[in-house]
Amino acid sequence: MHKIDSIEKDVVIVGAEKFVTLFNEETIQRRVKEMAAQISEDYKGKTPVFIGVLNGAFIFLSDLIKEVKSDCEIDFFKLSSYGDEKISSGNVKLLKELNCDVSGRDIIIVEDIVDSGLSIKFIEELFSRHTPASMKVCALLVKPNSLKYEVKIDYIGFNIPSKFVIGYGLDYAQKFRNLKNIYVLSE
Ligand code: PRP
């Protein structure tokens, strides 16, 4: 059972593991606003559909669209989570389908983090069959050194090292998504 043993502003202790702040709340919010400004500019006069990949993206998506100036819609979908197995087997399944029809729409797929790139690759292949007018990817975090699949990420919040991160939607065994900072496992 993963439980927070102590939390201070910049450090979270979980059992024998120590997580230190990688990006604090102010830094995250500043970057999210910049990304939203860029998206607002790029989609002026359009009504994009933001599609959040559950569960991790829900906080980022929520903060992001509050800063978007154009009209927009949102939807969510969910992939099965296999942990490390998901990466090695390349086996991804859909757990929650979209509610909206993306045909002819400008869609922006929103991820909290792109690691191997498998989820995004799967999503792009799936959505392209529904012939959206355009499709872009927006990820708060990208681990460039972990990418195993060729994916184009149009909006990137931060490139980060290939280390384990938690907070701001990102979990450790489903916990710690509620933390306002993003923390990295300290070695
Ligand atoms: C995480 C994250 C991405 C995916 C990225 O989801 O939210 O969807 O992994 O990894 P990839 O680039 O190697 O595919 P996870 O399956 O852990 O589910 P969660 O969002 O519910 O935490």
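Our subject is the structure that appears above.
Below: a short report on this structure. (Residues numbered from 1 in each chain as written. Predicted model: local features only at pLDDT ≥ 70, side-chain atom pairs only at ≥ 80, totals over all residues. Heavy atoms only, no water.)

## A few points about the packing of aromatic side chains
Summed over the entire model, instances satisfying the criterion amount to six aromatic pairs. Measuring from centroid to centroid gives 5.2 Å for Phe164 and Tyr172, while their planes differ by 80 degrees, and the two rings are edge-to-face. Among the aromatic residues, those joined into a ring-pair cluster are Phe19, Phe164, Tyr172 and Phe176. (Phe/Tyr/Trp six-rings, centres within 6.5 Å; stacked < 30°, edge-to-face > 60°.)

## Quick notes on the site of the ligand
Surveying the vicinity of the ligand reveals 17 residues, the closest of which are Glu111, Asp112, Ser116, Gly117 and Ser119. A distance of 2.9 Å separates an oxygen atom of the ligand from a polar atom in the backbone of Asp115. Within the side chain of Arg177, an N or O atom sits 3.1 Å from an oxygen atom of the ligand. In the complex, 87% of the free accessible area of the ligand, which totals 500 Å², lies under the protein chains. Here the element with the most residues in the shell around the ligand is strand E7 (residues 106-114); it accounts for four residues. In terms of residue class, the shell around the ligand is made up of five nonpolar, six polar and six charged. (Near = heavy atom within 4 Å. Polar contact = N/O pair within 3.5 Å; in protein donor to acceptor, adjacent residues only side chain to side chain. Areas by Shrake-Rupley, 256 points an atom, 1.4 Å probe, with all protein chains shown as cover. Helix = DSSP H or I, 4+ residues; strand = E, 2+ residues; numbered from the N terminus. Nonpolar A, V, L, I, M, F, W, Y, C, P; charged D, E, K, R; others polar.)

## As for helix H1 (residues 25-42)
With 18 residues, H1 extends 26 Å from end C-alpha to end C-alpha; this agrees with the ideal 26 Å at 1.5 Å per step. All of the buried residues along H1 are Ile28, Val32, Met35, Ala36, Ile39 and Ser40. Down the axis of H1, the buried set is contained in an arc of 140 degrees. They therefore lie on one face. (Expected span 1.5 Å × (residues − 1). Buried < 20%, exposed > 50% of the residue type's maximum accessible area, 1.4 Å probe, protein only. Arc of directions from axis to C-beta.)

## Notes on the packing of H1 against helix H2 (residues 58-66)
Each pair of packed helices can be described by the angle between their axes along with the distance between the axes. Between H1 and H2, the least distance of the axes is 8 Å, while the angle of their chain directions is 60 degrees. With respect to H2, the element H1 is oriented oblique. As for how H1 packs across H2, the hand of that crossing is right-handed. Residue-level inspection shows Gln29, Val32, Met35, Ala36 and Ile39 of H1 in contact with H2, the latter providing Phe60, Asp63 and Leu64. (Axes fitted to C-alpha atoms, helices over the stretch in contact; angles between N-to-C directions. Parallel < 35°, antiparallel > 145°, perpendicular 65-115°, else oblique. Left-handed = near helix turned anticlockwise from the far one by under 90°. Contact = heavy atoms within 4.5 Å.)

## Considerations on the nonpolar core
The biggest cluster of nonpolar side chains holds 28 residues, and the ones touching the most others in it are Phe60, Leu64, Leu140, Leu141 and Ile182. Broken down by secondary-structure element, the contributors of at least two residues to this core are H1, H2, E7, strand E8 (134-142), strand E9 (155-159) and strand E11 (182-185). Looking at which element gives the most residues to this core, the answer is H1, with five residues. In this view, Phe60 contacts Val32, Met35, Val110, Glu111, Cys138, Ala139, Leu140 and Tyr168; residues no more than four positions away in its chain are not counted. The next biggest cluster of nonpolar side chains, apart from the first, holds 21 residues, and it includes Val92, Ile107, Ile123 and Val137. (Core = buried A, V, L, I, M, F, W, Y, C linked by side-chain atoms within 4.5 Å.)

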